[in-house]
Amino acid sequence: MRPDILNPLFAEVTALKGIGPGLAMPLDKLGLSRVVDVLFHLPTGWIDRVARDELDMADAGRTIVITLTAREYRSSTGRGPTRVHAADARGNIVSLVYFGGHSGWAKKLAPIGEPRRVSGRLELYGQELQIVHPDYVLPLDEAGEQPEREAIYPLSEGLTSRRMGQLAAQALERAPELPEWIEPGLLAKRGWPGWRDAMARVHADPSDMVARERLAYDEVFANQLALTLVRQSSRARRGRALTGDARLRDALKLPYSLTGAQVRVVSEIEGDLAQAQPMLRLLQGDVGSGKTLVATMALLLAVEAGAQGALLAPTEILARQHYETLRRLLAGVPVEVAILTGRDKGKVREATLMGLASGAIDILIGTHAIFQEAVSYKDLALVVVDEQHRFGVAQRMMLQAKAKAAPHLLAMTATPIPRTLTLANYGEMDVSQIDEMPPGRQPIETRVISEDRLSEMVDALARHLSDGGQAYWVCPLVEESEKTDLAAAEARAETLRARFGDRVGLVHGRMKGPEKDAVMEAFAAGRTGVLVATTVIEVGVDVPNATLIVIEAADRFGLAQLHQLRGRVGRGSGRSICLLIRGNALSETSRARLALMRETNDGFRIAEEDLRLRGSGELLGTKQSGEAAFRIATPEMLNELLPIATDDARLLIDRDGGLSADRGQAARTALYLFERDAGVALLRSG
Ligand code: ADP
Ligand code: MG
């Protein structure tokens, strides 16, 4: 149970004053659903307001403070913005722009003919000056209320930094003093403030690195403590040795033979499984290197040994695909495979749950639905996690808690993960590599093409289709809004349909499950030739006949993501092509990034570069999994703090009396604060 002292922080964000329906959405987009989320949503820098007497185009891009007098209102019809034309002392004009039907409000803020002290970011719109949603519009006698400096927060549409600052201030008011969990010697040495103090300092001064570091340490410490608890409990529970007689693996009829690397990796896994100590192994292999087959062999071994295995996939599409693959592969092999995702409901779900509990089902494939409360296994002994970077520590711990003995764990990834990050995500683990592609693969030819030549691309697609080929067409990712992504994909499907008719399929994340399946199925079976998609096809999808992929606005994707997307082709023996469409206003870095994609098919090189350019957030999968892995710690902080936190967590458990001693009680609070409490539950159940 969460300590009561944390309750005010885990209240819904709507408990804060002034959060109406208008703010609920933008906050939700940022993932800020509870008070604690607002508290940990830290400012990234400062904004400085410069006071001006006169409007000047040279100030475009700056945040200014200036006295303006409204002259007229222009409300556009429909959903357009309201514009308030306002003049400075010299009669220069600027438009104050209000979107979203705020005309009444604008008139109240700035009545015609009355001077106001206005602050906001000055922009050039064509040849006109404008300020969109000014931060402050105040009567002159209240003008002192505008701070000269203000913290800037990461925002979504509909939010301002000022608003975020106000919410953070309220969240801080609710924040209790918490007992200290950091080891006193370390706290003194670093000169770190207490938790609440650190929180207040960071919101008041985004550049306060000492306070920020303390908060980062808390987060890393909670994470490492949870991992230490897991390890301790699995030591206490022990695992069980799995030995197979190969009867199932021998019954497998493969259309090809395993590569040398696959054989080696399978035998490494076999060696691990034969030990009572639970396997903790990371399997790295580039996109298309054949990890699924390795997973299948491991799962079959577990079944031969009389146990059950589970294969966890990050998306519904991928889970379905694995299910189909395994069913095809295992036709004629006496083993029962089932699937469970969030979509399976009612009788089918009941039957699956019963099969798992009775042991009638040997292998379960699914999404995170497979570690929900109601799911219990007769004898789960091996958990395989595909695309492991999509999952967080807590999620995985829940699955492990389902097994009687500590289960063996095989995590698979195409993305090489630096040691610090595996340490943060798993603790110590062994690594296997598939460093060899199945024979007959040809390198994918990658070209970077300007968006001006889109119509040529469509012609190329037409030729490709008439030669019997299939293709993916991936639509741009617009950071802000899923809706816009969708609109772009729908529009593209529409234009392609105008030319290719019903040979065009469309798949996106908002689709209902069965609908999605039908589209994927039609493409896999060759009934459609082009699959227009948002990034839902990013991971794992395997249709070897598709040998052309077009990626629109490629410069907006991360490199690792592009590599994953590109890996959807080049899966058969045919020659494959990847066309990266780029915008025209490319930065130097974007240019270099796309050039790297053109130059190499080497996932390791690409991942290294990506890590350098984007930091660890992507790799840790915070964005995709929806679980905050590290909200505060940057990769640099992680590098420095991780070893210290790891040692301290171990010290607390091994020497300082664990969670029941004083500091342990405080540390328990930290686990709950950072939502690593699955570790506590594990300890209890174990
Ligand atoms: P990934 O490692 O990206 O998960 P997959 O497991 O999806 O790759 O395998 C990619 C493709 O390679 C699949 O079509 C699979 O059938 C094929 N494949 C796997 N192993 C071999 C092999 N030893 N020889 C030939 N093809 C193979
Ligand atoms: Mg895969």
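Quick notes on the rules
Residues numbered from 1 in each chain as written. Chains lettered and ligands numbered in written order. Predicted model: local features only at pLDDT ≥ 70, side-chain atom pairs only at ≥ 80, totals over all residues. Heavy atoms only, no water. Phe/Tyr/Trp six-rings, centres within 6.5 Å; stacked < 30°, edge-to-face > 60°. Helix = DSSP H or I, 4+ residues; strand = E, 2+ residues; numbered from the N terminus. Buried < 20%, exposed > 50% of the residue type's maximum accessible area, 1.4 Å probe, protein only. 1 Å grid on protein atoms, 1.4 Å probe; cavity = no way out; pocket = protein on both sides within 12 Å on 5 of 7 lines; lining within 4 Å. Points joined across faces, edges and corners; volume = space filled by probe spheres on them. Nonpolar A, V, L, I, M, F, W, Y, C, P; charged D, E, K, R; others polar. Domains from an automatic or database assignment. Expected span 1.5 Å × (residues − 1). Contact = heavy atoms within 4.5 Å. Polar contact = N/O pair within 3.5 Å; in protein donor to acceptor, adjacent residues only side chain to side chain. Pairing = 2+ DSSP bridges. Axes fitted to C-alpha atoms, helices over the stretch in contact; angles between N-to-C directions. Near = heavy atom within 4 Å. Areas by Shrake-Rupley, 256 points an atom, 1.4 Å probe, with all protein chains shown as cover. Sits in = over half its atoms within 2 Å of the grid points. Core = buried A, V, L, I, M, F, W, Y, C linked by side-chain atoms within 4.5 Å.

The protein has the name ATP-dependent DNA helicase RecG in an unreviewed UniProt entry, where Sphingomonas alpina is given as its organism.

This part covers the packing of aromatic side chains. Considering all chains together, one arrives at four aromatic pairs under this definition. With centroids separated by 5.2 Å and ring planes inclined at 35°, the aromatic side chains of Phe40 and Phe674 adopt a geometry described as tilted. Here Phe674 lies in the loop between α24 (662-673) and α25 (678-685) and Phe40 lies in the loop between α2 (35-39) and β1 (45-48), a separation of 634 residues in the sequence. Note on accessibility: Phe40 and Phe674 belong to one class, buried.

Before going further, it helps to examine the layout of surface pockets. Quantified by volume, the second largest pocket comes out at close to 1,300 Å³. Gln321, Thr325, Arg328, Asp542 and Pro544 are, among the 43 residues lining the second largest pocket, the residues nearest its centre. When residues of the lining of the second largest pocket are traced back to their parent elements, those giving at least two are α10 (291-304), α11 (316-329) and α17 (513-524). In terms of residue class, the lining of the second largest pocket is made up of 15 nonpolar, 15 polar and 13 charged. Formed jointly, the lining of the second largest pocket draws a minimum of three residues from each of two domains, domain 2 (247-434) and domain 3 (445-600).

Quick look at α11 now. When the terminal C-alpha atoms of α11 are compared, their 20 Å separation across 14 residues agrees well with the 20 Å that a helix rising 1.5 Å per residue should span. Buried residues along α11 sit against α10, β11 (308-312), β12 (337-340), β13 (363-366), β19 (504-507) and α17. Its side-chain oxygen placed 3.2 Å from the backbone nitrogen of Leu318, Thr315 serves as the N-cap of α11.

It is worth spelling out the sheet that holds strand β10 (residues 280-285) at this point. Spatially, β12-β13-β11-β14-β15-β10-β16 is the arrangement adopted by the seven strands of the open sheet, whose pairing is parallel. A strand with exactly one partner marks an edge of an open sheet, and here the two such strands are β12 and β16 (430-434). Mean inter-strand twist for the sheet, computed between neighbouring axes without regard to direction, equals 20°. Inspection of the sheet shows β11 paired to β13 by four bridges, in the parallel sense.

Now for the sheet that holds strand β20 (residues 530-533). One open sheet accounts for six strands, arranged β17-β22-β21-β18-β20-β19; its pairing is parallel. With partners counted over all chains shown, the strands left at the sheet margins are β17 (445-450) and β19, one partner each. Between one strand axis and the next, the sheet turns by 20° as a mean value, whatever way the strands run. Across the sheet, α17 lies against β18 (470-474), β19, β20 and β21 (546-551), angled at about 140° from β19, the strand it touches most.

Turning our eyes to something else, we now look at the site of ligand 1. Taken together, 16 residues lie around ligand 1, and Gln262, Gly288, Thr292, Arg441 and Arg571 are the ones closest in. Thr292 is positioned with one of its side-chain polar atoms (N or O) 2.7 Å from an oxygen atom of ligand 1. At a separation of 2.9 Å, an oxygen atom of ligand 1 approaches a polar side-chain atom of Arg571. Relative to its unbound accessible surface of 570 Å², ligand 1 loses 85% to contact with the protein. Of the pockets mapped on this structure, ligand 1 occupies the second largest pocket. Residue composition of the shell around ligand 1, grouped by class: four nonpolar, seven polar and five charged.

Further remarks concern the nonpolar core. Judged by nonpolar contacts, the single largest core of 65 residues is most densely connected at Leu9, Leu27, Trp181, Trp195, Phe221, Leu225 and Leu673. Ranked by the residues each element gives to this core, the list is headed by helix α7 (residues 209-237), at ten residues. Beyond its immediate chain neighbours, meaning those up to four positions away, Trp181 contacts Trp195, Arg214, Asp218, Phe221, Arg663, Ala666, Ala667, Ala670 and Leu673. Counting 41 residues, the second-largest nonpolar core is a separate cluster that includes Met279, Leu311, Leu326 and Ile363.

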